[in-house]
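The lines below spell out each chain.
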Amino acid sequence: MSWLPKIGFVSGLAEKAGEKLGDRVVSLLESEVTRYRNVEEGLGRLRRTSGRINCLLTDAEERRYIEDESVINWLNGLKSVSFDTDDLLDEYQTAINVHNANVAPSHKRKWYQIEVPTISPEWGPLQRRRFASEINKIDKRLDEISKGRKNLRLKGEDGKRRGPSRPNARPFQTGPCHDPASIIGRENDKNEVVDLLISAQTSESASGPKITVVPIHGAAGIGKTTLAQMVYDDPRLNCFKIKAWVCLTERCDVSTAMKKIYEKMTGRRCDFRDIGRLQEKLREFLGRHEDNKFLLVIDNFWATGFHYWETLRVPLLAGGDGSKVLITTRYERTYNIMERVIQRPSLKGLDEEGCWQLIQSLSLSQGVINHDHEKLVSIGKEIAIRCHGSPMAAKALGAVLNGRNYEEWSDVLSEMRPLNDDINEAVRASLKISYHHLKYHLKQCFAYCSIFPNGYVFERDQVIRYWIAEGLIEPDGRRRLEAVGNKYFDELVWRSFFEKITIGTEGQNAKLFSRQIERYRMPSLMLDLAMEVSKYEFRSFESGKPLPEGNHGDSNEARYASFLQPKDANTLKLECLELYSNLRTLKFCHELNEEVVLSNSIRAPFFRKFMHLRVLDMSNCDLKVVPDSVGDLIHLRFLGLSYTKITTLPEKICNLFNLQTLELKGCSELAVLPEGLRKLINLRHLDLNLDWEEITDLTEVALPQGIGELEDLQTLSRFNLTSAEGPCCNISELNNLNLRGDLCMLNLEKVSPGHAEKANLKGKQFIENLMLRWHSSALNNEQLQQQSEDVINFLLPHNRLRCLWIVNYPGSKFPDWMGDTSFSSLETIRISNCNNFSFLPLLGQLKWLKNILIDNIPVDTINMPRGFPSLEHLQLLKLSSLQRLSLENEIPKLKQLDVSDCPNLRVLMIHTHLHDKFQRENFPNLRITCVPLGSN
């Protein structure tokens, strides 16, 4: 039985092995239980670690130039861990906040008033185990990064040091980007171009009138657009009764360009894109216009094909003799393909003295001379030489030098290496220096804007809301994040990273009340810089095409992406996105804010692949249905659906607890919002803005009850009113909301005086533009006459109001508050479709009222009373009964009187002072655009 001992031996081994295995299993279980129990402790540790990581990244970016590729990769790895840690912490905090919001004993009790130390009790073991596993993965990555730092022998003093901005630096100033007082060295160029534009039209050939083209050609950053803006604003060009400014991108197709020209020249929004129809409509407009001599500016004309220009030129031939087209371009070939081009030399750079004056205007306080002043002037002039004539480089470097000392000026000079007189390289080098001297938070905000295509025009609020959603705005005490973001934005404008588009934004012939919305873009060289510094986090995709060579790094590092729809594609091909599951921003784009085909191209579960999204913008597309899967994006802060064709939103949208911005501008077919909207307690902006010119009696969007509970809500641009007994939101819910910007109140006939008083408009000091609109059927309802008078009395706005538009008001008298002199900010008033004309005497004492527009009023005589000390523009439109207009009192600042569609006007009486103004050539802006049949 010799084998028995073997059995015993094997049995012993098995027993020992079993014991060891059991010990190991027990050990693993104990470790797992420990991790399970210590989830909160691990998250707390990660939160502290995340803070230290951000401090390290800030220090590295703000105080050092890092050139070693291995160190850059190490920092990128650290940044990647920071993103993932932020995602995990945000998911945990969201779970707690949702739980606290659900169990709060009162709707007034907010999540931040409750401290709960553990994960929501609704979470089971699987959720806790997943969190424990994710914490463990991040811990291991941090260990690897720590080892990498030791291997690279990185120390706190490594890298080339760069001094921080001085605390006593002169505060930057904001203002128009082409303020004539701040433009240096372009007066001769401006006069030359203006002279070419107003020169007499040469004799025409038998084939009919031609269009003369005047080009401004030059290198990037040389100041072509600034010069064109100076020319456009010159009062000598008021001989052109039609003026329009169009900006093109380098990918802008001919139909988009034609659409933009039509909209800017006519002042009308266009929803069709057929080239033939656009040409016909523009030809008709120019043909029936009484004085159709026009000036068209095409900024950044890039196309080099004859067909492109010919398509745009054909309808312009209907313009009057002497019409001109002014183009700016980097490519000489673009205007060599055109007929009747006035050849002129390429725009040259500024001389050295001009560059120094630009630098000095931004860097040195005027009239202040200290012991270092002469030394700074000497260094500054050397820096000016190395700008090689570029105004963009001079402005960027002037901002860098602001508030810095002699040593720091010397450092900047040493950074500017001689570049063989290559202006393009000089500009790029200067812009990079300017970027390196930004604070870290500004670097992040600027780099983030690489998501915009070349030439993309954006609004200030849009970008700031993106930044807030991405957590790029640092809290500053009790200031609103939007206010801090505005400060960031202004500094980037001042430093020339963004440029303001100040003209041509609403169309030359748009009605007076159309509010000029500030719009901006990134100069092409700035966009190139943004894409370079964000190359590890940003990806640019184009439907159906492979990833461009400029995209760097692996898919896990990518956090921001823009998806461009090519002009010749009918459907989106989204397969290239699927590898990039860590994206935090996904923006669909098409050229310059134009439509992108999106509907029926995205399957319902698609967005579940991108669970880390903070920003999802699908605006400007033909989207009809929002996929339910959008409601699963728990981190989402910004959802953009503006100018889409949606009619409803899925109820699941109300699960987006963190949502701060829901943009629905221009969604004219949207009829109802989800009932659970009140659950979005972090919502700050519910933007339902429509172009006020396009609002009709049929414009409706039902707001659910509970809007008044959204205490953080700042933007609610459109409010369709219902009776107090209805199932939807009523006017009294506005009581406690501190709204800002625009507020358009529709269907006021449904409001009782008592509820109008509860709206508390007087307490909303940040409402700037207010529309009060009744349904047109109320005009003939005698029962509503007294009610509407009581309602409008209680809708007294705050005296900071800037614009007021009253539509379809059925009352027989206007409220006394309309003429209250406390309205010191009121600049524009428009009255449309009202039953009486008793309001002009009320307005005469408003000291700062600049614009009055009156249309569709049943009145046969208008007498302007005394007063109106600041009135500049008076428009009278579609007054079919008007027979007599008397302006026999002096209106000292009147610049324009526009009388249109008043077919029965027979008598026009004008004060001697005004008559003299009409006759003087030095008041070219004062004109009557509709001459009456008879006048005295």
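The structure this text deals with has already been given above.
Residues numbered from 1 in each chain as written. Predicted model: local features only at pLDDT ≥ 70, side-chain atom pairs only at ≥ 80, totals over all residues. Heavy atoms only, no water.

Q: So what exactly am I meant to see when it comes to the packing of helix α12 (residues 373-385) against helix α14 (residues 406-415) here?
A: Pairs of packed helices are described in terms of their axes, by the angle between the two and the distance that separates them. Put simply, α12 and α14 touch, their axes get as near as 10 Å, and they point 15° apart. By the angle class used here, α12 and α14 are roughly parallel. The handedness of the crossing between α12 and α14 comes out as left-handed. Contacts from Lys375, Leu376, Ile379, Gly380, Glu382 and Ile383 of α12 reach α14 at Tyr406, Trp409, Ser410, Val412 and Leu413. (Axes fitted to C-alpha atoms, helices over the stretch in contact; angles between N-to-C directions. Helix = DSSP H or I, 4+ residues; strand = E, 2+ residues; numbered from the N terminus. Parallel < 35°, antiparallel > 145°, perpendicular 65-115°, else oblique. Left-handed = near helix turned anticlockwise from the far one by under 90°. Contact = heavy atoms within 4.5 Å.)

Q: How do you make sense of the nonpolar core when you look at a structure like this?
A: For soluble globular proteins, the rule of thumb is that nonpolar side chains tend to be buried together. Within the largest apolar cluster, 109 residues are counted, with the highest numbers of intra-cluster contacts made by Leu616, Leu664, Leu686 and Met745. Other than its neighbours up to four places away in sequence, Leu686 contacts Leu662, Leu664, Leu673, Leu677, Ile707, Leu713, Thr715, Leu716 and Ser717. If you look at the next biggest cluster of nonpolar residues, it comprises 85 residues, including Leu326, Ala396, Ile423 and Leu431. (Core = buried A, V, L, I, M, F, W, Y, C linked by side-chain atoms within 4.5 Å. Buried < 20%, exposed > 50% of the residue type's maximum accessible area, 1.4 Å probe, protein only.)

Q: Got a minute to help me understand the packing of helix α5 (residues 187-198) against helix α6 (residues 224-233) in this structure?
A: α6 packs onto α5 with a crossing angle of 55° between their chain directions and a minimal axis gap of 9 Å. Judged by the inter-axis angle, α5 sits oblique to α6. Where α5 crosses over α6, the two elements pack in a sense that is right-handed. Contacts between α5 and α6 involve Glu187, Asp189, Lys190, Val193, Val194 and Leu197 from the former and Leu227, Met230 and Val231 from the latter. For the contact of α5 with α6, the residue count by class is six nonpolar, no polar and three charged. (Nonpolar A, V, L, I, M, F, W, Y, C, P; charged D, E, K, R; others polar.)

Q: For this particular structure, what's the right way to read the pattern of salt bridges?
A: Two side chains of opposite charge can pair, provided their charged atoms sit close to one another. Scanning the model with the defined rule gives 44 salt bridges in all. In this structure, Lys190 and Glu187 form a salt bridge, with 3.1 Å as the shortest nitrogen-oxygen distance. Residue Lys190 and its partner Glu187 are located together in helix α5, separated by three residues, close to a single helical turn. With a relative accessible area of 13%, Lys190 lands in the buried category. Arg460 is the salt-bridge partner of Glu518, the closest N and O atoms lying 3.9 Å from each other. Within this pair, whereas Glu518 is found in the loop between β8 (499-501) and β9 (519-521), its partner Arg460 is found in helix α17 (residues 460-469), the two being separated by 58 residues in sequence. (Salt bridge = Lys/Arg side-chain N within 4 Å of Asp/Glu carboxyl O.)

Q: How do you make sense of the sheet that holds strand β24 (residues 861-863) when you look at a structure like this?
A: Think of a sheet as strands paired side by side through backbone hydrogen bonds, with each pair either parallel or antiparallel. Here three strands make up an open sheet; going across it, the order is β24-β26-β28 and the pairing parallel. The open sheet is flanked by β24 and β28 (907-910), the only strands paired with a single partner. Taken pair by pair, the neighbouring strands of this sheet meet at an average axis angle of 0°, ignoring direction. Sheet analysis places β24 next to strand β26 (residues 884-887), joined by three bridges and oriented parallel. Its bridge partner being in β26, Asn863 is matched across the sheet by Ser886. (Pairing = 2+ DSSP bridges.)

That is the geometry; function is a separate question.
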